Amino acid sequence: LFLITSLRGMAGFYTDYLWFKELGYASVWRGVLGAKALLSIVFIATFFVATWASLAIAERLAPRFRPLGSEDEIVQRYREIVGRHAGKVRVAVAALFALIAGGGVSSQWSSFILFRNNVSFGIKDAQFHRDLGFYVFRLPFLRFVVDWLFVAIVIITFLTVVAHYLNGGIRLPRSPMEKVTPQVKAHVSVLLALLALIKALGYYLQRYSLATSHRGFVDGPSYTDVHAQLPAINLLIFVSIIAVVLFLANIRLQGWLLPGIAVGLWLFLSVVVGGIYPAFVQRVRVVPAENTKERPYIDRNIKATRTAMGLADVKTVPFDYKEDLNAAGLAANADTIRNLRLWDPKYTKATFSQDQKLRSYYQLSDLDIDRYNIDGQLTQVLLSARDLDPEGLATSFGSWVNRRLQYTHGFGAVVAPANAVVDGKPNFVLRDVPPIGKPEVKQPRIYFGEGLTGFAVVGSKQRELDYQERGGKTSRYTTYDGKGGVPMGSPVRRAAFALRFGDVNTLLSNLVTSKSRVLYVRDIADRVRKAAPFLHFDSDPYPVITASGGMVWVQDAYTTTSAYPYAQRAETDRLDNGNGLKTSFNYVRNSVKVVTDAYDGTMTFYRIDMKDPIAGAYAKAFPALFKDGKNMPEDLKPHLRYPEELFRVQTAMYGRYHIADAREFFAAGDAWHVAQDPGSGSSAATAVTTGGAPGAAGVIRRPAEGSQSRMDPYYLLARLPTEQKPNFQILQPFVPASRNDTQKNLTAFMVAKMDPGQYGELQVYEMPRNAQIDGPALVDNDINSDVNVSQAISLLSQRGSNVIFGNLLVIPIENSLLWVRPLYVQSERTSVPELRKTIVAFAGKVAMRDTLQDALRSVFGDAPATLEQNTGGAGGAPQPSGPTVTASVQQLLDQALAAYEAAQQALRTGDLATYQAKVEEFHRLAKQARDESAKSSATPTTAASRSA
């Protein structure tokens, strides 16, 4: 077992090297491995030499003869057993403890690399006036070294005292003889003096650690840190140095009185001066006048946090809100209307997969939003690569030859405009296998993608399945001719791969030749993390179809630190576990874009932020890894996206840090929150939690009052009021900060632009201070309370169907705000959502119609063309999954609405008899509408009736 385990470890080590070498990143492999090895060797060797030397000194200082008493039985037995082997025992003890103390030091390799390759930030901190690079690159590793040295000397001192006891230099207290010889006392005193000196160094570095203190109202040195904690640390440094002197002086003095005084004084001051006094100052001097005392430190925190979070250059633009949008305004913004996203990736992946997965061994891993030029117009689209599905492959095609040699790659992609609908289904502009449509895909084979586990062998004697034509009667095959993968080579290599994968077939199969290549680490997320383990990676890579017809994956990479002086720790509550930024940090940059070729797996790390010092330090350490972002292919730049994870963090921080004045920041009267999530998802699921019946009128999924659920940011292609043309951007609305989320008026929205020449620009549009503008929660209430909407939802939720509400989107058009929400109907038989209604809200008006264009017409009288179709088209004419509202049903609903409004009017005038009669009429008409709808859904419908 030990042999096999060792061989697998060596095989993994060797094949890792081959993997890095194949990519051209062997220098990265050597750099990381070298840093780990150097740290381990240096620290293990340091501990070993120090321990061996101290034990050797203890051996030499042992008294030549000291009579043993009855209490020294352990010493006598030790001498009998060890005797002349004392030197070997000394080496063994030093080696054992050195491995324990130094073996785990290699985990500090990243800090060590930054320490060795530190660069200047060009900014000095406000308290100690040192370059920020000292705090980010040098201080963390220096503190680790000092802490390690202190623990190491404590262990060595303990081992030395034990050695002196076993050598007879120290006697037990009950012994009548001299307890400690002068030589032993000198030796121990030197070790204790060294401990005190290291502690003084630790205190010295602790001064600088105050730069990221969490004591005050905000992070960074607070009033108490500067006026109480810092003087206390300086005093402890002085006391530690005095202790060093007293320990050394103790060599020539009788007893241990002076060292005891030093240790006692140090303990007393550590507790009183280092702990009690700062707490006293904080409670007595700071808390009663916190806004005054902390003001200069809050000001430092605001400036540092804005810089550290990339918020220093946010442009603020007043949004002159008016409710004067009309049909002419919509026509002037036809490009925005044509690109309003109706397909919500969160809920409609199954809709895309139903039509375009095609085979059980394929999968559409994710739906991503991007923009492409289609038929001469810039169009927002949803795109998904058709990856190989390892689980589906293992289930249906489980033989080793199928899984490893024949089914080796996915094929093509699907693209649908975000606004294109055909009878409830996406209208694909790129579809099928082989791919048909635009953008054109000339190299559709995907050997590296999302969720690709395991390995594949290409270039074997077994032909690789390219695709099966519809009907499955004709299969097309291919032979991989890319440069990806590692050559199988000699039997030694094949054996190494067999050990790595735990699969002997790679060694025994006669279909595998020396010229075959093995592809492993094929999941792009695992791939980039393995190539650059010192970066943090976004959890949502996305595919891009290049101008040449190839396919690549783009993934965002971040540099972070928690050591940026005065900066506030980031709020990461809105990030899911597993996200690259779900960690503790107070500085972040999206400095690197990683481009991975889907065919050959080559990775290119582009530095798009050349001003980021942390990325600069890593580029200095690994010059072969990074390329200047200016060298990125021009056809890729229009497809770069501002990462949603980073935008979530920045908007969460900006809600408070848009306030520049320290006094107003403390009061927090103008603080913002990211707008409350007005609810999305299944109405039936919500009915369980709200106590209503599934499909009850007006039931929409929403968080409970006072919860912290927030709106997700979303990508959109729209023309902002200050822009001349549409811009691809990500948007997040804000509302006033409130403890119980009772403030629901819109205060502002932030956008991050991402078109070439504007990438990364953050812009905030602030609403007028004197205006009460409904936020998402209030607009959602308007939608939910609309009788027509609630009744239609009730009808659509019947007979085995479930209504799903897409995200509520706010679209800035001219100086107005348009609210749009898609509504999907999902049959329990298929579990495939279909887009059946679109809700539009504007200035208190609400309309829900079959199409976005019809809903806009209902509100504005006219609307520009969208990409929706009711029948025909590329998507076919599928049967609706839920009942439609026919003309007779609509008439009954109109009558019910009239009865409801009459009942409300009677209630306001106090006419209770009329109120009761109209309520009964309302229920009767609603029941008739429901029954009529049930009849129509049970009757076979023609295309014309479906259209109606």
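Below, the structure is looked at part by part.

Thresholds, definitions, all that
Residues numbered from 1 in each chain as written. Predicted model: local features only at pLDDT ≥ 70, side-chain atom pairs only at ≥ 80, totals over all residues. Heavy atoms only, no water. 1 Å grid on protein atoms, 1.4 Å probe; cavity = no way out; pocket = protein on both sides within 12 Å on 5 of 7 lines; lining within 4 Å. Points joined across faces, edges and corners; volume = space filled by probe spheres on them. Helix = DSSP H or I, 4+ residues; strand = E, 2+ residues; numbered from the N terminus. Patch = residues over 30% accessible without salt bridge, like charges linked within 9 Å, V, L, I, M, F, W, Y side chains within 5 Å. Areas by Shrake-Rupley, 256 points an atom, 1.4 Å probe, with all protein chains shown as cover. Salt bridge = Lys/Arg side-chain N within 4 Å of Asp/Glu carboxyl O. Lys, Arg positive; Asp, Glu negative; His and termini not counted. Charge placed at Lys NZ, Arg CZ, Asp CG, Glu CD. Buried < 20%, exposed > 50% of the residue type's maximum accessible area, 1.4 Å probe, protein only. Pairing = 2+ DSSP bridges. Axes fitted to C-alpha atoms, helices over the stretch in contact; angles between N-to-C directions. Parallel < 35°, antiparallel > 145°, perpendicular 65-115°, else oblique. Contact = heavy atoms within 4.5 Å. Nonpolar A, V, L, I, M, F, W, Y, C, P; charged D, E, K, R; others polar. Phe/Tyr/Trp six-rings, centres within 6.5 Å; stacked < 30°, edge-to-face > 60°.

**Side note on the layout of surface pockets**
Estimated volume of the largest pocket: approximately 1100 Å³. Considering the residues around the largest pocket, the lining is formed by 41 residues, among which R589, I608, D609, Y759 and G760 are closest to the centre. Counting residues per element, the ones that place at least two in the lining of the largest pocket are β20 (587-597), α21 (644-657) and β28 (762-766). Per-element tally for the lining of the largest pocket: the top contributor is β20, with five residues.

**Digging into a negative patch on the surface**
Together, E323, D324, D774 and D782 make up a region of like negative charge exposed at the surface. Relative to the assigned elements, D782 resides in helix α24 (residues 776-785). On the basis of relative accessible area, D782 is assigned to the partly exposed category, the value being 30%.

**Observations regarding a nonpolar patch on the surface**
Together, L3, L7 and M10 line one region of the surface with nonpolar side chains, adding up to about 300 Å² of accessible area. Locating L7 in the fold gives a position in helix α1 (residues 2-23). Under the relative-accessibility criterion, L7 is labelled partly exposed at 33%.

**As for the sheet that holds strand β15 (residues 486-487)**
Spatially, three strands are ordered β12-β16-β15 in an open sheet, and the strand pairing comes out antiparallel. Every other strand in the sheet has two partners, leaving β12 (456-458) and β15 as the edge strands with one partner each. Relative to strand β16 (residues 517-519), β12 runs antiparallel, the two being bridged by three bridges. Pairing of A456 across the sheet is with L519, part of β16.

**Some thoughts on the sheet that holds strand β34 (residues 868-869)**
A sheet is described by the order of its strands in space; here three strands give the open sequence β8-β7-β34, paired in mixed fashion. Only two strands of the sheet have a single partner each, and these edge strands are β8 (425-426) and β34. As paired strands, strand β7 (residues 421-422) and β34 are joined by two bridges and run parallel to one another. Paired with V422 across the bridge in β34 is Q869.

**Examining the packing of helix α5 (residues 109-116) against helix α20 (residues 613-621)**
Their axes nearest at 9 Å, the elements α5 and α20 cross at an angle of 90°. For the element pair α5 / α20, the angle class is roughly perpendicular. Across the interface between the two elements, S110, I113 and L114 from α5 touch A617, Y618 and A621 from α20. Residue composition of the contact of α5 with α20, by class: five nonpolar, one polar and no charged.

**Examining unusual backbone geometry**
Cis geometry marks the peptide bond from V433 to P434, where omega comes out at -5°. Here P434 lies in the loop between β9 (430-431) and β10 (436-437). Here the amide bond leading from K438 into P439 is cis, since omega sits at 0°, within 30 degrees of zero. The residue P439 is located in the loop between β10 and β11 (445-446) in this model.

**Some thoughts on empty space enclosed by the protein**
For the structure on display, the rule yields two cavities of 30 Å³ or more. As a volume, the second largest cavity reaches approximately 30 Å³. Taken together, Y361, Y362, L388, Y407, H409, L465 and D466 form the lining of the second largest cavity. Partitioned by chemical class, the residues of the lining of the second largest cavity number five nonpolar, one polar and one charged.

**Looking at the packing of aromatic side chains**
Going through the model one piece at a time under the given rule, you end up with 47 aromatic pairs. Ring plane angle 55° and centroid distance 5.2 Å describe the contact between F411 and Y467, whose orientation is recorded as tilted. Residue F411 is located in strand β5 (residues 410-411), and its partner Y467 is located in strand β13 (residues 464-468); the two are separated by 56 residues in the primary sequence. Side by side, F411 and Y467 carry an identical accessibility label, which is buried. On the numbers, 6.0 Å between centres and 50° between planes, the contact of Y642 with Y759 is tilted. One end of the pair, Y642, is in the loop between β22 (626-628) and α21; the other, Y759, is in the loop between β27 (748-753) and β28, and 117 residues separate them in sequence. Of the residues examined, Y642 reaches a relative accessible area of 5% and is grouped as buried.

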